[in-house]
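So the chains spell out like this:
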Amino acid sequence: EDVALRFRKLGNYKAAGLYFPDIHCLCVDLRFPSSMCHEYFHMMDFVQGSLSRMNSFSECESCYTKAIEEYVNSTEEGSGIRSTWFGNTKYNKDYYLMPTEIFARCGEIYLTRIRGVKNSLCKPDGGFAYPQSDELDAAIKRYYDRLLGFEETEKCAVVQSC
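Residues numbered from 1 in each chain as written. Predicted model: local features only at pLDDT ≥ 70, side-chain atom pairs only at ≥ 80, totals over all residues. Heavy atoms only, no water.

1. Things to note about the packing of helix H5 (residues 99-114) against helix H6 (residues 134-148)
Stated formally: Note on method: axes are straight lines fitted to C-alpha atoms, helices fitted across the in-contact stretch only, with angles between N-to-C directions ranging 0 to 180 degrees. Counting from the N terminus, the helices are DSSP H or I runs at least four residues long and the strands are E runs at least two residues long. We call two directions roughly parallel when the angle between them is under 35 degrees, roughly antiparallel when it is over 145, roughly perpendicular when it lies between 65 and 115, and oblique otherwise. Here, residues are in contact when the closest pair of their heavy atoms is within 4.5 Å. Under this grouping Gly is polar, as are all residues other than the nonpolar Ala, Val, Leu, Ile, Met, Phe, Trp, Tyr, Cys and Pro and the charged Asp, Glu, Lys and Arg.
Two elements in contact, H5 and H6, have axes whose closest approach is 9 Å; the angle formed by their N-to-C orientations is 95 degrees. Taken together, H5 and H6 sit at an angle that is classed as roughly perpendicular. Where H5 approaches H6, its residues Phe-103, Cys-106, Gly-107, Ile-109, Tyr-110, Arg-113 and Ile-114 are matched on the opposing element by Leu-136, Asp-137, Ile-140, Lys-141, Tyr-143, Tyr-144, Asp-145, Leu-147 and Leu-148. Its residues assigned to classes, the contact of H5 with H6 comprises 11 nonpolar, 1 polar and 4 charged.

2. Digging into the state of the cysteines
The following threshold applies: In what follows, a disulfide is any cysteine sulfur pair within 2.5 Å. A simple rule labels every residue: compare its accessible area, found with a 1.4 Å probe on the protein chains alone, to the largest value its type can have, and call it buried under 20%, exposed over 50%, or partly exposed in between.
One pass over the structure, following the stated rule, counts 0 disulfides. Here Cys-106 stays free of any disulfide, with the sulfur of Cys-60 as its closest cysteine sulfur at 5.2 Å. A residue is classified by how much of its surface remains accessible, and Cys-106, at 0% relative accessible area, is buried.

3. What to know about the environment of Val-72
As for its position among the elements, Val-72 is in helix H2 (residues 58-74). In the structure, Val-72 is positioned 11 residues away from Ser-83 in sequence and 10.0 Å away in space, judged by C-alpha atoms. Beyond its immediate chain neighbours, meaning those up to four positions away, Val-72 contacts Ile-81, Arg-82, Trp-85, Phe-86 and Phe-128.

4. Here we look at the sheet that holds strand E1 (residues 4-8)
Remark on secondary structure: sheet strands pair via backbone hydrogen bonds, oriented parallel or antiparallel. Stated precisely, the cut-off is as follows: Paired strands, as defined in this entry, are two strands with at least two bridges between them according to DSSP.
Taken in spatial order, the 3 strands make up an open sheet running E1-E3-E2, and their pairing is mixed. A strand with exactly one partner marks an edge of an open sheet, and here the two such strands are E1 and strand E2 (17-20). Averaged over neighbouring strand pairs, the angle between their axes works out to 15 degrees when direction is ignored. Each of E1, E2 and strand E3 (25-29) touches helix H1 (residues 36-47); the most contacted strand, E2, lies at about 15 degrees to it.

5. Considerations on the pairing of E3
When you tally the buried positions in E3, you get 5 out of 5 residues, the bulk of the element. Relative to E3, E1 runs parallel, the two being bridged by 5 bridges. Considered in E3, the bridge of Leu-5 is made with Leu-26. Where E2 lies against E3, 4 bridges are found, and the strand directions are antiparallel. Bridge assignment links Tyr-19 to a residue of E3, and that residue is Leu-26. Adjacent in sequence and paired antiparallel, E2 and E3 are bridged by 4 residues, among which His-24 carries a positive phi angle near 55 degrees.

6. Regarding a nonpolar patch on the surface
Basically, it comes down to this: Distance thresholds for patches are 9 Å for like charges and 5 Å for nonpolar side chains (Val, Leu, Ile, Met, Phe, Trp, Tyr), applied to residues having over 30% relative accessible area and no salt bridge. Method for areas: the Shrake-Rupley scheme with a 1.4 Å probe, in which residue coverage is limited to the protein chains shown. Counted as salt bridges are all cases of a side-chain nitrogen of Lys or Arg within 4 Å of a carboxyl oxygen of Asp or Glu.
A cluster of nonpolar residues, Leu-5, Phe-7 and Leu-30, forms a patch on the protein surface that exposes about 290 Å² of accessible area. Checked against the element boundaries, Leu-30 lands in the loop between E3 and H1.

7. Observations concerning the pattern of salt bridges
Going through the model one piece at a time under the given rule, you end up with 9 salt bridges. The shortest N-O distance in the salt bridge between Arg-142 and Glu-59 comes to 2.4 Å. Within this pair, whereas Arg-142 is found in helix H6, its partner Glu-59 is found in helix H2, the two being separated by 83 residues in sequence. A single salt-bridge network, built from bridges that share partners, covers Arg-115, Lys-141 and Asp-145.

This is the structure we're talking about:
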């Protein structure tokens, strides 16, 4: 309740969504509502005390890093992915491997791949920034189940069914 949510065109920022921690505002471009969940995880990360930098997130971070680097290294020399990854623009290896970005992308993966959420507010593009890996998916499930309280809910459901 302490964070404002705004839907507007973000043309000047060249972004589909933004989270501004200093002014407690989550902004989503009207043309790209699917950025909502990604920005929500940025907000959660910040509001909860930099979750992306805590030891409890390190398994997800290392699995993500391994999976995306393996994918990039498997692409052909001169491919668009390799030029982005090794490029000099804002969106390069340094950007994609920032803990805050990994946290938000893993959150999206959790909702879509692990929990099966399908809606207009959470649709990762499926590009190279969302690598496929059983090891990564397992780490994400363990971490976000604990973080979001699904671990306890599922235990209760098992106990109630007995």
